Amino acid sequence: MKRIIHALAAVALLAAGCAQKPDVEKVVVAYVTSWTEVMPDPGRVTHVNYAFGHVTDSFDGVRVDNEDRLRSIVALKAQDPALNVLVSVGGWGSGRFSEMASDEASRISFARDCARLVKEFGLDGIDIDWEYPTSSAAGISSSPADTENFTLLMRDLREALGQDKLLTLASVCSARYIDFPAIMPYVDFVNIMSYDMGWAPKHNAPLYRADADGNVSPIVGEHTADEAVKAHLAAGVPACKLVMGMPLYGRGNSETYGGGLDYNELAGPLPGYTEIWDEIARVPYYAAQDGTLHLGFENVRSITEKCSYLLDQGLLGGMYWEYSGDNEEGDLTLTISRLVLGR
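Residues numbered from 1 in each chain as written. Predicted model: local features only at pLDDT ≥ 70, side-chain atom pairs only at ≥ 80, totals over all residues. Heavy atoms only, no water.

Student: Could you give an account of the overall build of the protein, with specific residues and numbers?
Tutor: Regarding its fold elements, the protein presents 10 helices and 14 strands. The globule rule puts the C-alpha radius of gyration for 343 residues at 20 Å, and the 20 Å found for the protein is close to it. The burial tally for the protein puts 55% of its 343 residues in the buried class. Partitioning the intrachain contacts of the protein with sequence separation of at least 6 by distance along the chain shows that 66% fall at a separation of at least 24. Taking the average place of the 28 positive charges on the side chains of the protein and the average place of its 47 negative ones, the gap between the two points comes to 6 Å. (Helix = DSSP H or I, 4+ residues; strand = E, 2+ residues; numbered from the N terminus. Rg over C-alpha atoms; globule rule 2.2 N^0.38 Å. Buried < 20%, exposed > 50% of the residue type's maximum accessible area, 1.4 Å probe, protein only. Contact = heavy atoms within 4.5 Å. Lys, Arg positive; Asp, Glu negative; His and termini not counted. Charge placed at Lys NZ, Arg CZ, Asp CG, Glu CD.)

See below:
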């Protein structure tokens, strides 16, 4: 069975060829949460991923947080019929995936219930945010068989949703846990979570580790956005199915910056601290007098750099977590829309 799945995946990748096509329309995916009230502007995005849905306690269906808010998001399609609205199932700490995916009957029932949800709410598809197959880091159950069962889940979801609905997923920056060549025939694109890659005193979402001369930033942690993209390409995801994630928030020292701040909460460095631009990592940060990073965050300059990067790499588009993190002026979301979509 596994050899057959890989053979089909190889054929699909050979047939894709869309990474080189100049006429492929770019996407901007915004995660919008159930617990916030800010309504996304359809003019700034092509896709909204509503966070979150969850695998039911019986392992055979899906339930959605705050269904009234989901309906209000879907109603935005009246303003822009081209807007795509998906429910993202999962999120950090959302479990029961392993149990559901390991049993054929439960897996098929879950897939069919996702299709029911799409039809009932007038959605355009489903986004799977299982964090992560084979890992219990988020306090959820896991199994060594999760990766193979994830492939079967994608297959069953595609069968249940049909070919005219979207099936996407969120992937960790390291590109671990998922057999990408095996799932490529079933998914429309992959959203890379290229953020939460470091906490103070390291950057949250650096773009690069080193510059063209080989100089390395000393405050870059285990991953960078550039490395995340390259890891997914090496893992078998074509550029035309890759969407690079960007945070509309910063991660910081809990004693000085409360662990993190949304972009709309930034008010400049604290007294005695300084804002610094990392010329190598291409992101800003607030530093103490000794140079230690206390908050790594995004601004218009860093978001502009990331948008230019994803365009230069021929990626499908950009994604961000999450819409309400921007300020009222829309500094970051409008920058992404203008650069990626030309709006």
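Student: Break down the state of the cysteines for me, citing the residues and quoting the values.
Tutor: Joining two cysteines, a disulfide is a covalent bond between their sulfur atoms. Scanning the model with the defined rule gives zero disulfides in all. Free of any disulfide, Cys-173 has its nearest cysteine sulfur in Cys-307, 19 Å distant. Taking the relative accessible area as the measure of exposure, Cys-173 reaches 7% and is therefore buried. (Disulfide = S-S within 2.5 Å.)

Student: So what about the pairing of strand S6 (residues 166-172)? Which residues, and what values?
Tutor: Most of S6 sits out of view: seven of its seven residues are buried. Burial along S6 is two-sided: the residues Leu-166, Thr-168, Ala-170 and Val-172 and Leu-167, Leu-169 and Ser-171 are all buried. For the crossover from strand S5 (residues 125-129) across helix H5 (residues 146-161) to S6, the handedness is right-handed. Judged from the five bridges that link them, S6 and strand S7 (residues 189-193) form a sheet pairing that is parallel. Bridging from a neighbouring strand, Val-172 pairs with Met-193 of S7. (Right-handed = clockwise from strand over helix to strand, strands pointing away. Pairing = 2+ DSSP bridges.)

Student: Now, about the confidence of the model for the protein: what can you tell me, with residues and values included?
Tutor: For the protein, mean pLDDT is 94; residues scoring 70 or higher make up 93% of the total. Low pLDDT, under 50, characterises residues 1-17; the predicted model gives this stretch 18 contacts beyond four residues in sequence or across chains. (pLDDT = per-residue confidence, 0-100.)

Student: If you had to explain the nonpolar core to someone new, which residues and values would you point to?
Tutor: Within the largest apolar cluster, 88 residues are counted, with the highest numbers of intra-cluster contacts made by Phe-110, Ile-128 and Met-154. With seven residues, the single largest contributor to this core is helix H4 (residues 104-121). Not counting residues within four places of it along the chain, the set of residues in contact with Ile-128 comprises Val-89, Phe-97, Phe-110, Phe-150, Met-154, Leu-157, Leu-167, Thr-168, Leu-169 and Ala-170. (Core = buried A, V, L, I, M, F, W, Y, C linked by side-chain atoms within 4.5 Å.)

Student: Go over the sheet that holds strand S10 (residues 260-262), please, and point to the residues and values.
Tutor: One open sheet holds the five strands; their spatial order is S10-S9-S13-S12-S11, and the pairing between them is antiparallel. Only two strands of the sheet have a single partner each, and these edge strands are S10 and strand S11 (274-278). Across the sheet, the mean angle from the axis of one strand to that of its neighbour is 25 degrees, orientation sign disregarded. Bridging between strand S9 (residues 249-252) and S10 involves three bridges; their strand directions are antiparallel. (Axes fitted to C-alpha atoms, helices over the stretch in contact; angles between N-to-C directions.)

Student: Describe helix H10 (residues 331-341), naming the residues involved and giving the relevant values.
Tutor: When H10 is considered as a whole, its buried residues turn out to be Leu-332, Thr-333, Thr-335, Ile-336, Ser-337 and Val-340. In the segment just after H10, Gly-342 is the residue with positive phi, at about 75 degrees.

Student: Any details on the pairing of S5? Residues and values, ideally.
Tutor: Buried residues dominate S5, accounting for five of its five residues. Of the two faces of S5, both are covered, the one formed by Gly-125, Asp-127 and Asp-129 as well as the one formed by Ile-126 and Ile-128. Sheet topology note: the strand S4 (residues 84-90)/S5 ladder contains five bridges and is parallel. The partner of Gly-90 across the bridge, within S5, is Asp-129. Here S5 pairs with S6 via four bridges, running parallel. Residue pairing for S6: Ile-128 is matched across the bridge by Leu-169.

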